[in-house]
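# Structural overview
Given next are the chains, with one letter for each unit.
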Amino acid sequence: MQYTVTDAPARERFEARDEAGAVVGFVTYQLTGSIIAYTHTEVDPAYEGKGVGSTLARAVLDDARSKGRTVVPICPFIADWLVKHPEYESIVVRSTRKIK
């Protein structure tokens, strides 16, 4: 099955849709300037294990790279996916410091 991923900026999320156009998963984000933090990934239970999460992860990271953004992977799914895909390492922030 093919999934289409589109940005829904008014909802601050990327949505994955199936061939019928139904939303089957999404990744929420917070965008500040050129920094994008991916905060949560959710896949419809009926579509778990069918590649929706990976399709979303690749799409959001390709989008960030194409727009010159720095990624903060707050979402555990995105963070784990990135461990297996080092080709995105150059756009990912791995540590942060608190400002006093």
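The structure reproduced in this document is the subject of the present report. For every chain, the first residue of the written sequence is number 1, and numbering continues from 1 along that sequence. Whole-chain, interface and lining totals are the exception, using all residues; otherwise, since this is a predicted model, local features are given only for residues with pLDDT of at least 70 and side-chain atom pairs are given and counted only at 80 or more. With hydrogens and water excluded, all non-hydrogen atoms of the structure serve as input to the side-chain values.

Turning to the packing of helix 1 (residues 52-66) against helix 2 (residues 76-83), a few remarks are in order. Each packed pair of helices is defined by two parameters, the angle between the axes and the distance between the axes. As a packed pair, helix 1 and helix 2 sit with axes 10 Å apart at the nearest point and diverge in direction by 80 degrees. One element, helix 1, and the other, helix 2, form an angle in the roughly perpendicular class. Where helix 1 abuts helix 2, its residues Gly53, Ser54, Ala57, Arg58, Val60 and Leu61 lie against Phe77, Ile78, Trp81 and Leu82. Under the grouping applied here, Gly and all other residues not named as nonpolar or charged are polar, the nonpolar ones being Ala, Val, Leu, Ile, Met, Phe, Trp, Tyr, Cys and Pro and the charged ones Asp, Glu, Lys and Arg. Partitioning the contact of helix 1 with helix 2 into residue classes produces seven nonpolar, two polar and one charged. Every angle, taken between N-to-C directions, lies between 0 and 180 degrees, and every axis is a line fitted to C-alpha atoms, over only the stretch in contact when it is a helix. Counting from the N terminus, the helices are DSSP H or I runs at least four residues long and the strands are E runs at least two residues long. Note that the term roughly parallel is reserved for angles under 35 degrees, roughly antiparallel for angles over 145, roughly perpendicular for angles of 65 to 115, and oblique for everything else. Contacts: residue pairs with any heavy atoms within 4.5 Å of one another.

This paragraph deals with the pattern of salt bridges. Note on definitions: salt bridges are taken to be side-chain nitrogens of Lys or Arg within 4 Å of carboxyl oxygens of Asp or Glu. Going through the model one piece at a time under the given rule, you end up with seven salt bridges. The shortest N-O distance in the salt bridge between Glu87 and Arg58 comes to 3.6 Å. Of this pair, Glu87 sits in the segment after helix 2 while Arg58 sits in helix 1, and the two are 29 residues apart along the sequence. Here Arg58 falls in the partly exposed class, since its relative accessible area comes to 34%. If you follow the salt bridges from partner to partner, you end up with Arg11, Arg13, Glu15 and Arg17 in one network. For the exposure calls, accessible area comes from a 1.4 Å probe over protein chains only, and a residue counts as buried if that area is under 20% of its type's maximum, exposed if over 50%, partly exposed in between.

What follows is about unusual backbone geometry. We note that Glu12 has phi near 50 degrees; this positive angle belongs to a residue other than glycine. Examined against the element boundaries, Glu12 turns out to sit in the loop between strand 1 (4-8) and strand 2 (13-17). In this structure Glu12 comes out as partly exposed when scored by relative accessible area, which is 41%.

Its 15 residues place the ends of helix 1 21 Å apart at the C-alpha level, agreeing with the 21 Å of an ideal helix rising 1.5 Å per residue. Considered for burial, the residues of helix 1 that qualify are Val52, Gly53, Leu56, Ala57, Val60, Leu61, Asp63 and Ala64. In a view along the axis of helix 1, the buried residues occupy a sector of 155 degrees, so they form one face of it. Turning to helix 1, the residues buried within the fold contact strand 1, strand 2, strand 3 (23-32), strand 4 (35-43), strand 5 (70-73) and helix 2. Downstream of helix 1 by a residue or two, Gly68 has a phi angle that is positive, lying close to 70 degrees. In this scheme, a helix's expected span is set at 1.5 Å multiplied by one less than its residue total. The arc refers to the directions leading from the helix axis to the C-beta atoms.

As a further point, take the side chain of Thr28. Checked against the element boundaries, Thr28 lands in strand 3. Here the side chain of Thr28 touches Thr39 through a polar contact of 2.6 Å, side chain to side chain. The residues contacting Thr28, other than those within four sequence positions of it, are Glu12, Arg13, Ala37, Tyr38, Thr39 and His40. Under the rule applied, a polar contact is a pair of N or O atoms within 3.5 Å (in protein, one hydrogen donor and one hydrogen acceptor; residues adjacent in sequence only if both atoms are side-chain atoms).

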